[in-house]
Amino acid sequence: MTDDVLIRTNGPIGHISLNRPKALHALTLPMCHAMSAALIEWEKDDGIEAIIIDHDEGRGFCAGGDIAFLRDSALNDGGVSGRKFFHDEYQLNHQLFTYPKPVVAFMDGVTMGGGVGISQPAKFRVATENTRFAMPETGIGLFPDVGGGWYLSRIGGRLGQFLALTGARLDGAEALWTGLATHYVPSDMLDDIKARIIERPGRIAGILSEPVGTPPDARIEANALKIAKHFASDAYEDILASLEAAIEEGDTWAVKERDTLGTKSPQTCKVALRQLATSADLPTFADNMAMEYRIASRVLTRPDFAEGVRAVITDKTNDPKWDPATPQEVGDDLIDSIFAPLPADEEWKPL
């Protein structure tokens with residue numbers, strides 16, 4: 001077990017609080033193991049009626065996974081320990097997705113990467129004015145994993161493709177508007193809401209739906225038609241061409257998004273588009289996680305991941321040298337190899 005996640009029961013509630021504030025509660029492997037073990041125990045306990053997942057002190061809900069650990073694995077052990085991290089984190093994601101008791105995730109603050117993976121499976125996903133939801137992995141040569149293919153491909157309006165490629169951050173109102181959050185609650189009401197859930201766990205939906213004020217307008221709604229138009233294709237070059245055409249007509253929004261995409265890994269952008277297109281047709285979440293584990297196993301040790309983390313997180317120079325350097329150089333054969341099945345004894349399977 002680990003002090004980085006606090007696990008306790010409050011009457012009929014199993015309560016998990018992330019507790020790694022200096023890292024914005026980013027997930028480590030021991031944290032994943034502790035959460036999974038608690039969920040297994042509570043599933044068998046008839047006295048536990050629902051689960052709350054939130055964070056303890058400090059900012060953020062969960063900023064992601066342990067990126068430094070993953071980069072170290074890519075550089076020093078051929079990705080062996082990194083693949084173990086992905087494997088077990090994905091088991092937790094699947095466990096939450098299929099959990100038989102209602103889960104309430106309070107996304108109060110930064111909710112990115114691994115934080116998305118433990119909040120999106122929840123039946124109730126609560127956003128606040130502090131929520132900053134994003135899947136920013138294309139900027140570090142990774143990809144929107146932890147179930148991102150499943151969730152983003154099912155939003156509609158090509159919003160998922162937009163979020164996957166650009167890493168755009170949504171505030172709480174935008175998360176609610178897109179359906180990534182089920183409820184919006186001002187942060188100063190959270191303690192009261194949690195106390196009421198503990199008192200009446202059978203009425204979670206009603207408690208969260210009672211009048212809590214009107215959330216702000218979702219800013220992304222104003223650009224929804226542009227997103228649907230310019231991100232309509234599953235071919236990355238088509239998306240870039242559509243933005244360029246809009247730029248020629250004087251569209252400043254298109255300039256911003258074109259320039260944003262210019263900072264991302266071309267390999268990862270093509271991976272993400274295929275990931276979402278494939279996931280949209282998969283019958284089960286387990287199938288999606290098996291696909292994402294294949295991708296993760298390959299992308300982890302490709303050049304772009306270690307380089308992206310160096311440039312964006314470690315050195316903060318923001319000058320990644322992507323390899324391949326341009327979308328045109330990322331061929332279908334490379335993408336095919338990233339998505340190819342693993343040897344039978346290495347494939348991901350739910351426990």
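Look up a bit, the structure's there.
Conventions adopted
Residues numbered from 1 in each chain as written. Predicted model: local features only at pLDDT ≥ 70, side-chain atom pairs only at ≥ 80, totals over all residues. Heavy atoms only, no water. Helix = DSSP H or I, 4+ residues; strand = E, 2+ residues; numbered from the N terminus. Rg over C-alpha atoms; globule rule 2.2 N^0.38 Å. Contact = heavy atoms within 4.5 Å. Areas by Shrake-Rupley, 256 points an atom, 1.4 Å probe, with all protein chains shown as cover. Pairing = 2+ DSSP bridges. Axes fitted to C-alpha atoms, helices over the stretch in contact; angles between N-to-C directions. Parallel < 35°, antiparallel > 145°, perpendicular 65-115°, else oblique. Left-handed = near helix turned anticlockwise from the far one by under 90°. Buried < 20%, exposed > 50% of the residue type's maximum accessible area, 1.4 Å probe, protein only. Core = buried A, V, L, I, M, F, W, Y, C linked by side-chain atoms within 4.5 Å. Polar contact = N/O pair within 3.5 Å; in protein donor to acceptor, adjacent residues only side chain to side chain. Salt bridge = Lys/Arg side-chain N within 4 Å of Asp/Glu carboxyl O. Right-handed = clockwise from strand over helix to strand, strands pointing away. Expected span 1.5 Å × (residues − 1).

## Focus: the overall build of the chain
Alright, step 1. Tallying secondary structure elements over the chain gives 16 helices and eight strands in all.
Alright, step 2. For 351 residues, the compact-globule estimate of 2.2 N^0.38 gives 20 Å, and the chain sits close to it at 20 Å.
Alright, step 3. Overall, the C-alpha framework of the chain stretches about 55 × 50 × 40 Å when taken along its three principal axes.
Alright, step 4. Considering only residue pairs separated by 6 or more positions, the chain has 72% of its internal contacts joining residues 24 or more positions apart.
Alright, step 5. Accessible surface for the chain amounts to roughly 14,400 Å². Of this, 51% is attributable to carbon and sulfur atoms.

## Quick look at the sheet that holds strand β6 (residues 124-127)
Alright, step 1. Ordered in space as β1-β2-β3-β4-β6-β8, the six strands form an open sheet in which the pairing is mixed. The two strands at the open ends of the sheet, each matched to only one other strand, are β1 (5-10) and β8 (183-184).
Alright, step 2. The strands that helix α1 (residues 29-43) touches are β1, β2 (13-18) and β3 (50-55); relative to β1, the one it contacts most, it runs at about 15°.

## Let's talk about the packing of helix α13 (residues 266-279) against helix α14 (residues 285-299)
Alright, step 1. Where α13 contacts α14, the two axes come as close as 11 Å, and the packing angle between them is 165°. One way to sum up the angle between α13 and α14 is to call them roughly antiparallel. Relative to α14, α13 is oriented so that their crossing is right-handed. Contacts from Gln267, Val271, Gln275, Thr278 and Ser279 of α13 reach α14 at Asn288, Met291, Glu292, Ile295 and Val299.

## Brief notes about unusual backbone geometry
Alright, step 1. Cis geometry marks the peptide bond from Asp323 to Pro324; its omega dihedral reads 5°.
Alright, step 2. On the secondary structure map, Pro324 appears in the loop between α15 (303-314) and α16 (332-339).
Alright, step 3. Even without glycine at this site, Asn318 takes up a positive phi of about 50°.
Alright, step 4. On the basis of relative accessible area, Asn318 is assigned to the exposed category, the value being 56%.

## Overview of the nonpolar core
Where a protein is soluble and globular, its nonpolar side chains tend to be buried together.
Alright, step 1. Core analysis: the largest hydrophobic core is formed by 65 residues, its most contacted members being Phe86, Tyr90, Leu142, Leu165, Phe231, Ile295 and Phe305.
Alright, step 2. If we skip the residues at most four places from it in the chain, Leu165 touches Thr138, Phe231, Tyr236, Ile239, Leu261, Lys264, Cys269, Ala272 and Leu273.
Alright, step 3. Counting residues in each nonpolar core, the second largest holds 23 residues, with Val5, Leu18, Ala34 and Tyr99 among its members.

## Describing the side chain of Asn19
Alright, step 1. Structurally, the position occupied by Asn19 is in the loop between β2 and α1.
Alright, step 2. A polar contact of 3.0 Å, which involves the side chain of Asn19, links it to the backbone oxygen of Asp3.
Alright, step 3. Among residues more than four places away in sequence, those in contact with Asn19 are Asp3, Asp4, Val5, Leu6, His25 and Asp56.

## Some remarks on the pattern of salt bridges
Alright, step 1. A complete count under the given rule lists 19 salt bridges for this structure.
Alright, step 2. With a shortest N-O distance of 3.4 Å, Asp171 and Arg219 are connected by a salt bridge. In this pair, Asp171 sits in the loop between α6 (159-166) and α7 (172-178) while Arg219 sits in the loop between α9 (204-209) and α10 (224-230), placing the two residues 48 residues apart along the sequence.
Alright, step 3. For Arg196, the salt bridge is made with Asp192, and the minimal N-O distance between the two is 3.6 Å. Note that Arg196 and Asp192 are positioned in helix α8 (residues 190-199) at a spacing of four residues, about one turn of the helix.
Alright, step 4. A cluster of three or more residues bridged by salt bridges with shared partners is formed by Glu307, Arg310, Asp315, Asp319 and Lys321.

## Some thoughts on the pairing of β1
Alright, step 1. Bridge count for β1 against β2 is six bridges, and the pairing is antiparallel. The partner of Leu6 across the bridge, within β2, is Ser17.
Alright, step 2. What sits between β1 and β2 in their antiparallel hairpin is a turn of two residues, with Gly11 showing a positive phi close to 60°.

## A word on the pairing of β2
Remark: a regular strand shows side chains that alternate across the two faces of the sheet.
Alright, step 1. Where burial is concerned, most of β2 is hidden: six out of the six residues are buried.
Alright, step 2. Neither face of β2 is left uncovered, since the one carrying Ile13, His15 and Ser17 and the one carrying Gly14, Ile16 and Leu18 both have all their residues buried.
Alright, step 3. Where β2 lies against β3, six bridges are found, and the strand directions are parallel. Across the sheet, Ile16 pairs through a bridge with Ile53, a residue of β3.
Alright, step 4. Between the parallel elements β2 and β3, the chain passes through α1 in a crossover that is right-handed.

## Some points on α1
Alright, step 1. Given a rise of 1.5 Å per residue, 15 residues ought to cover 21 Å, and the 21 Å separating the end C-alpha atoms of α1 matches this to within 8%.
Alright, step 2. The complete set of buried residues in α1 reads Leu29, Met31, Cys32, Ala34, Met35, Ser36, Ala38, Leu39 and Trp42.
Alright, step 3. If you follow the buried residues of α1, they end up packed against β1, β2, β3, α3 (80-97) and α4 (114-119).

## A closer look at the packing of α1 against α3
Alright, step 1. Where α1 meets α3, the closest approach of the two axes is 10 Å, and the angle between their N-to-C directions is 30°. Judged on the interaxial angle alone, α3 and α1 are roughly parallel. The handedness of the crossing between α1 and α3 comes out as left-handed. Contacts between α1 and α3 involve Leu29, Cys32, His33, Met35, Ser36, Leu39 and Ile40 from the first element and Lys84, Phe85, Asp88, Glu89, Leu92, Gln95 and Leu96 from the second.

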